[in-house]
Amino acid sequence: MSADRLRQITDAVRASGSRSVAELAELTGASDMTIRRDLEALSEQGVLERYRGGARSLLLRGEETPFPLRARDGLEVKRRLAAEVAALLADGESVVLDSGTTCLEVARALHHRRLTVMPLSLHAANALADAPRLTLLLPGGAPRRGELALTGPLTEASLAALRFDTAVIGCCGLTAADGLTAYDLADAAVKRAAIASARRVVAVTESAKLSRTALAHVLPASALHAVVTDAQAPQDATDALAAAGVTVRKV
């Protein structure tokens, strides 16, 4: 509930530019004291700026929410998505695993599997570092602050040198019309390199992202083999993906 409230506060402040403590308390049903603690936590994460009696957003439109906040948001849904992705992978496969909070949960779901995995973030690499039966490959690259996603020419060169059975890709937005998109241009380039190195592409995303389009285009929806999303996904969005030839799995 705390994570849900933090997300609600972040969205409300970003949508209007600023909100008072009283407004946020009414919106969330929490006490003024709880809201002040939440605002302090979000201020420390660089999401907003406090002022007496309220807060103003520091996130621009189209800018991604910081990793620590997203990591706690919808955690049970992400774990169910991760379990479904893990079920699609056969023992012995080689897998390139994208960065992001949902793909971090996929890494945790693969911890005891017999696979070869190249994670594209240090968060996921750390989750798999002591996996007993898994072969862990690490790319080069420069980690993005907070995200710890590996980007740049060293990451792209590492991907170009290998061929994977499956690429598991996260996204910031996915629609049949605009395809899979990302907020960060460097991240989008790494996603394209990962996809180019794999025979099968599985996108994993919360249903809310099926109505979003971010700045950087990664690939058309028709290039995906499967999409794993949650049961709240809008039927028109999943029908459009299916019409593009994508297998949609809802959990």
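What you see is a predicted model; the values in this text were computed from it and never measured.

Peer 1: Give a description of the side chain of Ser94 that names residues and reports values.
Peer 2: Locating Ser94 in the fold gives a position in strand E4 (residues 94–97). Residues within four places of Ser94 in sequence aside, it is in contact with Thr116, Arg163, Phe164, Asp165 and Thr166.

Peer 1: I'd like a description of the pattern of salt bridges, backed by residues and values.
Peer 2: Going through the model one piece at a time under the given rule, you end up with 13 salt bridges. For the salt bridge of Glu105 with Arg108, the shortest nitrogen-to-oxygen distance reads 2.5 Å. Taken together, the residues Glu105 and Arg108, both in helix H6 (residues 101–109) and three residues apart, mark about one turn of the helix. Ionic contacts of the salt-bridge type, sharing partners, join the residues Glu76, Arg79, Glu105 and Arg108 into one network.

Peer 1: Describe the sheet that holds E4, naming the residues involved and giving the relevant values.
Peer 2: Spatial strand order, E6-E5-E4-E9-E12-E14-E15: seven strands in an open sheet with parallel pairing. Across the chains shown, the open sheet's two edge strands, defined by having one partner strand only, are strand E6 (135–136) and strand E15 (247–250). Examined bridge by bridge, strand E14 (residues 226–229) and E15 share four bridges and lie parallel to one another. By the bridge assignment, Thr229 is partnered in E15 with Lys250. Contacts from H6 reach E4, strand E9 (164–169) and strand E12 (198–204) within the one sheet, and its direction differs from that of E4 by about 150 degrees.

Peer 1: Provide a residue-level description of the packing of helix H2 (residues 21–28) against helix H3 (residues 32–44), including the pertinent values.
Peer 2: Across the interface, H2 lies against H3 with an axial gap of 9 Å and an inter-helix angle of 105 degrees. Relative to H3, H2 is oriented roughly perpendicular. On H3, the residues that touch Val21, Leu24, Ala25 and Thr28 of H2 are Asp32, Ile35, Arg36 and Leu39.

Peer 1: Lay out unusual backbone geometry in plain terms, naming residues and giving numbers.
Peer 2: The phi angle of most residues is negative, glycine excepted, and most peptide bonds adopt the trans form. Even without a glycine there, the phi angle at Leu148 is positive, about 60 degrees. On the secondary structure map, Leu148 appears in the loop between strand E7 (142–143) and strand E8 (150–151). For Leu148, a relative accessible area of 27% translates into the label partly exposed.

Peer 1: Got a sec to walk through the sheet that holds strand E2 (residues 48–51)? Specific residues and values, please.
Peer 2: Strand order in this open sheet of three strands is E1-E3-E2, and the pairing throughout is antiparallel. The open sheet has two free edges, formed respectively by strand E1 (18–20) and E2, since each of these has just one partner strand. Ignoring which end each strand starts from, the neighbouring axes of this sheet average 20 degrees apart. Lying on the sheet, H2 is in contact with E1 and strand E3 (54–57); it crosses E1 at an angle near 85 degrees. Running at roughly 135 degrees to E2, H3 makes contact with E2 and E3 of the sheet.

Reading the values: rules and limits
Counting from 1, residues in each chain are numbered in the order their sequence is written. Side-chain atom pairs in this predicted model are given and counted only at pLDDT of 80 or more, local residue features only at pLDDT of at least 70, and totals for whole chains, interfaces and linings cover all residues. Excluded from the side-chain calculations are hydrogens and water; all other atoms, namely the structure's heavy atoms, are used. Only runs of H or I of at least four residues qualify as helices and only runs of E of at least two qualify as strands under DSSP, and these elements are numbered from the N terminus. In this description, contact between two residues means that some pair of their heavy atoms is separated by no more than 4.5 Å. In the sections that follow, a salt bridge refers to a side-chain nitrogen of Lys or Arg positioned within 4 Å of a carboxyl oxygen of Asp or Glu. Strand pairing follows a simple DSSP-based rule, namely that at least 2 bridges must link the two strands. What counts as an axis is a line fitted to C-alpha atoms, over the stretch in contact for a helix, and the angles between N-to-C directions run from 0 to 180 degrees. When describing relative orientation, an angle under 35 degrees is termed roughly parallel and one over 145 degrees roughly antiparallel, while 65 to 115 degrees is termed roughly perpendicular and anything else oblique. Only protein chains enter the accessibility calculation, which uses a 1.4 Å probe; a residue is then buried when its area is under 20% of its type maximum, exposed when over 50%, and partly exposed in between.

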